[in-house]
Every structure is written in structure tokens, then in C-alpha cells.
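Inside the fold
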Protein chains: 2
Amino acid sequence: MKRTSRDIRTANRYEVLRRLIAASPTSRQELAAATGLSLATVATLVGELLELRLVTEVGFEDSAGGRPRGLIAVDASGGALIGVDIAETYVHVELFDLALNVLARAEEQLRPDGSRPEQVAGRVAAAVAAVVDRAGTRAGRVLGVGVSVPGQVDRDTGVVEYAANWQWHGVPLLDLLAELLPYPLHLDNPLRACTVAELWFGAARGRDDAVVVNLGTGVGAGLALGGGLHRGVSNSAGEWGHTTLVLDGRPCHCGGHGCVETYVGAPGIMQHLRELGPHSPLLHPDDQTATIDALARAVAEGDPVARAVVRETARYLGAGISDLINLLNPEVVVLSSWVAARLGEPLLVEVRRAVARHALRRPLAATEIVLSPIPTDPVSLGAATFALEGALRSVRQRSGTTVTTGRAAPTGRAVATGRAVAAGSRTAPSS
Amino acid sequence: MKRTSRDIRTANRYEVLRRLIAASPTSRQELAAATGLSLATVATLVGELLELRLVTEVGFEDSAGGRPRGLIAVDASGGALIGVDIAETYVHVELFDLALNVLARAEEQLRPDGSRPEQVAGRVAAAVAAVVDRAGTRAGRVLGVGVSVPGQVDRDTGVVEYAANWQWHGVPLLDLLAELLPYPLHLDNPLRACTVAELWFGAARGRDDAVVVNLGTGVGAGLALGGGLHRGVSNSAGEWGHTTLVLDGRPCHCGGHGCVETYVGAPGIMQHLRELGPHSPLLHPDDQTATIDALARAVAEGDPVARAVVRETARYLGAGISDLINLLNPEVVVLSSWVAARLGEPLLVEVRRAVARHALRRPLAATEIVLSPIPTDPVSLGAATFALEGALRSVRQRSGTTVTTGRAAPTGRAVATGRAVAAGSRTAPSS
């Protein structure tokens, strides 16, 4: 049993801050009612958040006949969080206030000949410097930078174990970045970033069990179980794209055959288009984005080939999602990432139909399938949330009765200057 | 966020008792070291277990130079737990002491014309009465009865929502049993019973994330995530048997096609045998058990058809297990239930080979695949464990600071006589 009182205290701290971000100002009494925590627990957690300067007292409200209740709000200006979305061809960076509003954005292109680790780290540092510069004094102190890299990452060591795009193996990205950036750094991948974004701000908020199906060039299923991200024993849970859907089916770049990804990732959808409309003008052979955009427009115009492609994609996607519903019995399945965003409602409708044909009745009845409601880049938002979680995790405990020995336990303690050292974070040497 | 301090206290209480069952006698200090909990927390939990008379003080040990340490042991005679395994053709019941040793067994046959709910409840009550009678004074007070029924069950209401064997729909089995038996009753299904048995006493013990693959007539995957059973939002998680492995493949009784179960359940294995050895004497067309037994013997003797059948079964099973490993990133995958027990090592070896071909490197490296080490009927053992968990859940809290609002929260309080009323339990009216 690795889950300790300390873990639950951190989870409760997340939850109180989440509620405050959703509805500020509010009172401790309302927070207690909304979270199911005792007033004493809420008061302790709010005290920690006040000490961290993440929230602030903003006055009192009358309570019918009783003592006036103190009101608390997120202190949007209490600090800044930076989310970095490293993709194959670009680095996209956003700077957020503590209410998770975007204050500044920056983007750097990555050229095919510029994908060495030092080069990518340099582009990231330049974009981070740009957002800090653009936000100016509004940025205040930067509490942390979350970095998302597509691939397999070790968040405890900050190493990118494997990134298929660039054939990176064992790249110590956070160490490279720590030489360039004076902020606490947190590494993870886009699948988990999107999942955490849904958990904090999207369709998984307040849900016990949710699955976030990421549809892009690659495909994955982020698991939010028991109200938290399920990482697995080596932080690689969610590799749903390589689930066998058709034994001995289409070859996959992973070396296998018939993987879900080969039927519902963007290249897989292009393959359906080739098969269903061999001479279709919708196909842009070397451009996934242009092809998916063209498909989305053609579906809206009633094009029969485009509709057939969406239906065929949904047939595979529906079978795969049904398997997730049967296995995990989630409250909600969220379709996320750029392919889902562009194909939108027409894809959703066909997926719901296909799932209704495949899934077992009892879990089906308990699940809804929705499009992600997050209007901005979920990867940057999720990455910034990792930085926020890092800041919350680093709170020094006042009254814990339990000492943790678990793998996920923080290894350091908070330092008031914002140079926190926590599990999965790296900071620059003091200068 | 539904997980509260109360949930974690219950989980910690499970963990302390689990350690005590594994190694009695032991000291509070050793328990603290083994669980990572503080000595103060362990002392409180041990106090609760002493009050429940589940454990007992058994003396002191010398600690080098320090004060003598009190030793605690499970009080095997402190009560009895009963596990009921209802299957298609029989009811198997075992009575355990608190160290989970079997003190008595009983079995009742179920005839095809005797499967009405009242008839099955009658057989269960007869077998329970038989084990209590056989155990005699050794049984002491019965703390609870766990009942496993194959199908979809609502543990909170004690209703069998659907049991395919007998076409039961919405059968209030615990209410029927409560009229016949004066003990706290707990309903669940064999998949979850086997998973909990592994979690407490088998290969999942002390592991963060485990998958228990049940291979019988039907097939399922019990999920033990974060050290606890993952039930899903409507207690139906684990329906892995109806995962699509071959799109448009073999028809399944669920109405779908290509489900895992149709390739690796006992009838699916018989189908491989029909295809690979059309006139094989190993096939007993109307007897799954005899066929699997014959296959196991023939494999041991080097029969090429039998070996090919095991290899073909492992090819499908390996693909399906790889998908679970990729998705969930577990520490261990346990092959359980009667088909796995009978085909044993030869199946395990082929499954490991097939998984090594299919699974992604990072999660594969973190996972081991093993046969269940539980030597007795895991369903009765797991069902008895549900009764033990029910007894632990019903402990009155002494010092909780948090009030729970979650779905899984106990709704009643412990009553010292053993007639506890807890979530998911039913008791007979006081007589």
C-alpha cells in the first residue's frame, strides 16, 4: 500500500484549489460542502494555499444570522505558470496566471535539421524567455515550467527515454533545460498533459473515472481513475494506440499489426480515404492537417466519400472505445486532440453509434462520450498544470501524522523563494 | 475527489491486517517499517483491530537495549469468515478462521431444474449451515459471509442484475439469503473475488498495479490499481472478455464478434482443437473440464496437436495481455482460474513469448507474468475476504477528522454483536 495520508493531503489540496479556480471568491464553508471535506481540513488546506500566496483573503460575506464568513479567491497575480508543448515541427509555449488565464504565447519552429536535444532545448528556452518578456510585470514570479514531449519520459529523472519523431534515446532534457532556465521544471508527455487538463479544467473534472482518448497523428488513452491520473508502475500507462484491434491487420510503426492507431490516427484516416475514394481531391498525401481539414469541410457539405471515411474511422474507434468502457467502466470518455477537434460532432455522433453496437449494457449505461470542452491548447494547459501540481506538492506539511515511503513521494521540501525541488523537477543551480 | 481520509484509514487498516496475516506475531514497530505508516498511525489501527478482537496481544520481544516491544498476532479464533462460490452447476462453501485457514468445506449440487433464485438461495443456506456445523466450536462467531455469483451484481443493493447462466435479471439475492442466514452478507462476482484474493494473499500482494486475468469458461481481467480493487463507476470494470481482438471475427454470445473470450475461454480453446485436430481424441464435445484436462495431459506427453492448441491459445491471449500491459503498465499480470491452473507452465511459457512479441518495451520491462500462487479455490477465499473487508469497514472511527460524502462510504456503524450493517451488506432481522 503506497498511498499515504500525505498523498491524500496533496490530492485534497489540488481539489480545494481546483474549486477555487472554478468559482472565486468562495468561503471555507462552501468549499467544505463542495468537496465533502471537514471544515477543519479545508481551513488547514486554505492556510497552506495562503502561505504559498496562491490564494488571498478578499473580504467577508454575511451568513444568515451567523458570523460573517471570510471569502477566499485565487490570487491570479500570485505567480505565473508556463506550459511547453513540444511537437514534431514546433514548440508552443503559453504563460498563465494562477487562474490559468493565458497572459502570453510564443511559438518557435523546429526544422528537421534542428532536432538535436541541445537545439530543441534552445528553442524551448527562447520561447519561454519570450513569454516571460511579453507578460512583463504581470508575470510576477514564475512558479514552474511544465514541459510536454511526445514519447516515453521518466518524470523522476527528467529523461526522455524514447521519442520516435527524432529517434531520441535517453535524452536528459530537463538537465539541458536547467542550464538555460532558472525555474522549477517538470517533464511529461502530451497524453498525460491532456488528461490532467481534462481532470482540472475539462470534462473529467469532479468525475471518479474518466478516459481521455487522444486522437492526433498518434493515439493514446489517458486514464483518470479515482480522481487522479493513473500512471502505471513506470509512468507509461495509456499506450492504447498499440492495442491490437485486428489481429494480423495493418502494419504499425511499432512493429506490430492491426494496432488501433493504424485505423484511427491521422495517417490511418488518410488510408481509409485512399481506400474509399482512391482519387479523392480531399487527400493531401504529405499533409495530415490539410487532409483532416479538407475531410471536416467535406463532411459539413455532405460529401459521401468524406462521410464514409468518418463512418469507417468511427467503426474502428467505436470498437476500441467500447473495449475501454467494458474494461474500465468509466463515467466519461473524452475525445481530445486535434483530429477530434477538427472532425468534431460528426465524428462524435458516429462514434456513439458504434459504441452502442459494441459495448456491454451495464458499463455503457454508466458512460457518456463527449468532445473535449477545453477551448485552448490542452497540452500547454496540462503542462502548466504539472507545474502547478509541483508547486502544491512542495508545500511543507504542518500537521501530517504519516511518513510516506512511496515511489511518488516528494523528495524535497518547499523553499519560499520558488526554487522548489520536488520529485520530477529540476532547478538551475543558484546564481 | 471522492477518496477521503476515511477511505485511506480503511485501506491502511486492511494493510496492517494483511501484514499480520502474512507474519504473526509482529510488533507495531515492524508493522510501521513494513507499511511506511507512522508508529502513531499503526498504534491507532492496531487498537481498532484489538477492539474488534481480530488480533490479540501475545507477549513481548526484547529490543536491543530499548523497552520490550509488545507483540501482536492475528487471533485466528477471534471469528470465522465464510466464502460462497456459486457456479453454474454447484455451490462451494468454505469456512475460514481469521488467519484465513480453511476449517470446513461443503458443496451442494445445482441441477438445471434447480436454478430459480429461491432454490439457489436454499442450497447456499444449506451449505453455509453445513460448514458452521462441521467447524463446530472452532467457528466461534461468524463475522460475515461473502457470496460470489457469476454475472453483473450491484453490491450496494445486493441485487444480481444479470446472470447469463440462468437468465437471472434483477434478482435480490442478498434479501433472499438474509431470510435464511443470520450473518452479515456481502455480494460480488468471481472476477473480483479472485482479484481480491490475489491482492490479499497472492501475487498482487504489496504491488501497486496488478491485472488478474481469469481464464475459465468466461474470461475477465480484474484490476488491482493503486493497491486496491478498481471497480469502475457501476462496479462492472474488468469485462475484458468482450474486448474486440479480431474485428468481425468469431461470433460471441454477447452479440459481438472477435471477442477475446471466443479465443481463450474454454469453449474457444475447444474450437482451436477442432480446427487444429479435427478428429482428435482429446475433444470431449460436451465437457469443457474433461477436454482441458486431456489437453493438459497431452501437452505434458509432447502431443503435437495439444502443443499447437496451447500455442494458438497463447497467441491470442498474448496479444490481449499485451494490450492490458500497454494500457495499464502493471507490475504483475496473474493468470488465474481453472483453465490457467490446469494448463499451467506450458501455457505460461507460450504466453510470455507471445507478449514479448507484442508489448511495448517500456511497460513490458516493468511487468512480470505469473501463474496464481493461491493453492485453494480463489473464489471462496476472495468471497471470504469481502466479508473480512466488510468487518474492517464497519469499525467505528475514533479520531477521523474528515467526513466522507463518497459513494463507497459505509452507511452504518459497527455493532459489537457481529450483526454489522455496512454498505453492501444485509443482515437478518434481529430475532
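These numbers were taken from a predicted model, which means no experiment stands behind them.

**Examining the sheet that holds strand E12 (residues 210-215) of chain A**
Strands pair in a sheet through their backbones, by hydrogen bonds, and they do so in one of two ways: parallel or antiparallel. Residues and elements named next belong to chain A. Here we have five strands laid out as an open sheet, ordered E14-E13-E12-E15-E16, and mixed in their pairing. In this open sheet, the two strands that pair with only one neighbour each are strand E14 (228-229) and strand E16 (368-371). As paired elements, E12 and strand E15 (residues 332-336) share five bridges and run parallel to each other. Directly across from Val-212, in E15, lies its bridge partner Val-334.

**A word on the domain arrangement of chain A**
Buried accessible area, meaning the area lost when the parts come together, often serves as the stated size of an interface. Residues and elements named next belong to chain A. Entries for chain A in the domain assignment read domain 1 (5-74), domain 2 (78-193 + 379-402) and domain 3 (204-373). For domain 2 and domain 3, the distance between their C-alpha centroids amounts to 27 Å. Every contact between the two is made by eight residues of domain 2 and, on the other side, 12 residues of domain 3. Around 760 Å² of area is buried between domain 2 and domain 3 when both sides are counted, 51% of it from carbon and sulfur atoms. By the criterion of area lost to domain 3, the three top residues of domain 2 are Arg-155, Leu-191 and Arg-192, representing 72% of everything that side buries. Here domain 2 and domain 3 share one salt bridge between them. Of the charged contacts in the structure, one is a salt bridge between Arg-231 and Asp-188, with a shortest N-O distance of 2.7 Å. Here domain 2 is connected to domain 3 by three residue pairs in polar contact (both at pLDDT 80 or more). Among the secondary structure elements, those contributing two or more residues to the side of domain 2 that touches domain 3 are strand E8 (152-154) and helix H6 (190-201).

**Focus: the environment of Asn-12 of chain B**
Residue and element names in this part refer to chain B. Mapped onto the fold, Asn-12 is located in helix H1 (residues 5-22). Asn-12 gets classed as buried once you look at its relative accessible area, which sits at 4%. Along the backbone, Asn-12 and Thr-35 are 23 residues apart, and their C-alpha atoms lie at a distance of 8.5 Å.

**A look at the packing of aromatic side chains**
To describe a pair of aromatic rings, you give the distance between the ring centres and the angle between the ring planes. One pass over the full model with this rule turns up eight aromatic pairs over all chains. When the centroid spacing of 5.9 Å and the interplanar angle of 35° are considered together, the rings of Trp-200 of chain A and Phe-201 of chain A count as tilted. Considering the side-chain rings of Trp-166 of chain B and Trp-168 of chain B, the 4.8 Å spacing of their centres and the 45° angle between planes classify their relative orientation as tilted. A residue is classified by how much of its surface remains accessible, and Trp-168 of chain B, at 4% relative accessible area, is buried. An aromatic cluster of at least three residues, connected via ring pairs, comprises Tyr-14, Trp-200 and Phe-201 of chain A. Positioned above the aromatic ring of Tyr-316 of chain A, the side-chain terminus of Arg-315 of chain A is 5.0 Å from the ring centre.

**Focus: the relation of the copies chain B and chain A**
For the pair chain B and chain A, the best superposition has an RMSD of 0.1 Å and corresponds to a rotation of 180° with a translation of 0.0 Å parallel to the axis. The two molecules are tied by a two-fold rotation axis, judged by turn and shift. The C-alpha atom lying nearest the rotation axis in chain B is that of Val-246 of chain B; the distance is 2.3 Å. Looking at the interface residues of chain B, 100% of them are also at the interface in chain A, so both copies use one shared face.

**Re the nonpolar core**
Counting 98 residues, the largest nonpolar core has Val-213, Trp-240 and Ile-321 of chain A together with Val-213, Trp-240 and Ile-321 of chain B as its most contacted members. Not counting the four nearest positions on each side in its chain, Val-213 of chain A is found in contact with Gly-220, Ala-221, Trp-240, Leu-317, Ile-321, Leu-324, Val-333, Val-334, Leu-335 and Ser-336 of chain A.

**Let's talk about the pairing of strand E11 (residues 185-188) of chain A**
Residues and elements named next belong to chain A. Of the two faces of E11, the one holding Leu-185 and Leu-187 and the one holding His-186 and Asp-188 are both buried throughout. In this structure, strand E7 (residues 142-148) lies alongside E11, joined through four bridges in parallel fashion. The residue of E11 that forms the bridge with Val-145 is Leu-185.

**Re the interface of chain B and chain A**
Each partner contributes residues to the interface: chain B has 68 residues there, and chain A has 68 residues. Together chain B and chain A conceal approximately 5,700 Å² of surface at their shared face, both sides included; 52% is due to carbon and sulfur atoms. Applying the counting criterion to the chain B and chain A interface returns four salt bridges. With a shortest N-O distance of 3.3 Å, Arg-315 of chain A and Asp-248 of chain B are connected by a salt bridge. Elements represented by at least two residues in the side of chain B that touches chain A include exactly H1, strand E8 (152-154), strand E13 (219-225), helix H10 (304-328) and helix H12 (361-365) of chain B. If you tally residues by element for the side of chain B that touches chain A, the top one is H10 of chain B, at eight residues.

**Some remarks on the sheet that holds E13 of chain B**
Across the sheet, which stays open at both edges, the five strands sit in the order E14-E13-E12-E15-E16 (chain B) with mixed pairing between neighbours. Among the strands making up the open sheet, the edge pair consists of strand E14 (228-229) and strand E16 (368-371) of chain B.

**Quick look at the pairing of strand E10 (residues 168-171) of chain A**
Residue and element names in this part refer to chain A. In terms of strand pairing, strand E9 (residues 159-163) meets E10 through three bridges, oriented antiparallel. Bridging from a neighbouring strand, Val-160 pairs with Val-171 of E10. The turn linking E9 back onto E10 is made up of four residues, and Gln-167 within it adopts a positive phi angle of 50°.

Analysis parameters
- Residues numbered from 1 in each chain as written.
- Chains lettered and ligands numbered in written order.
- Predicted model: local features only at pLDDT ≥ 70, side-chain atom pairs only at ≥ 80, totals over all residues.
- Heavy atoms only, no water.
- Pairing = 2+ DSSP bridges.
- Helix = DSSP H or I, 4+ residues; strand = E, 2+ residues; numbered from the N terminus.
- Domains from an automatic or database assignment.
- Contact = heavy atoms within 4.5 Å.
- Buried area = accessible area lost by both parts, 1.4 Å probe.
- Salt bridge = Lys/Arg side-chain N within 4 Å of Asp/Glu carboxyl O.
- Polar contact = N/O pair within 3.5 Å; in protein donor to acceptor, adjacent residues only side chain to side chain.
- Buried < 20%, exposed > 50% of the residue type's maximum accessible area, 1.4 Å probe, protein only.
- Phe/Tyr/Trp six-rings, centres within 6.5 Å; stacked < 30°, edge-to-face > 60°.
- Lys NZ or Arg CZ within 6 Å of the ring centre and 35° of its normal.
- Least-squares fit on C-alpha atoms with pLDDT ≥ 70 in both.
- Core = buried A, V, L, I, M, F, W, Y, C linked by side-chain atoms within 4.5 Å.

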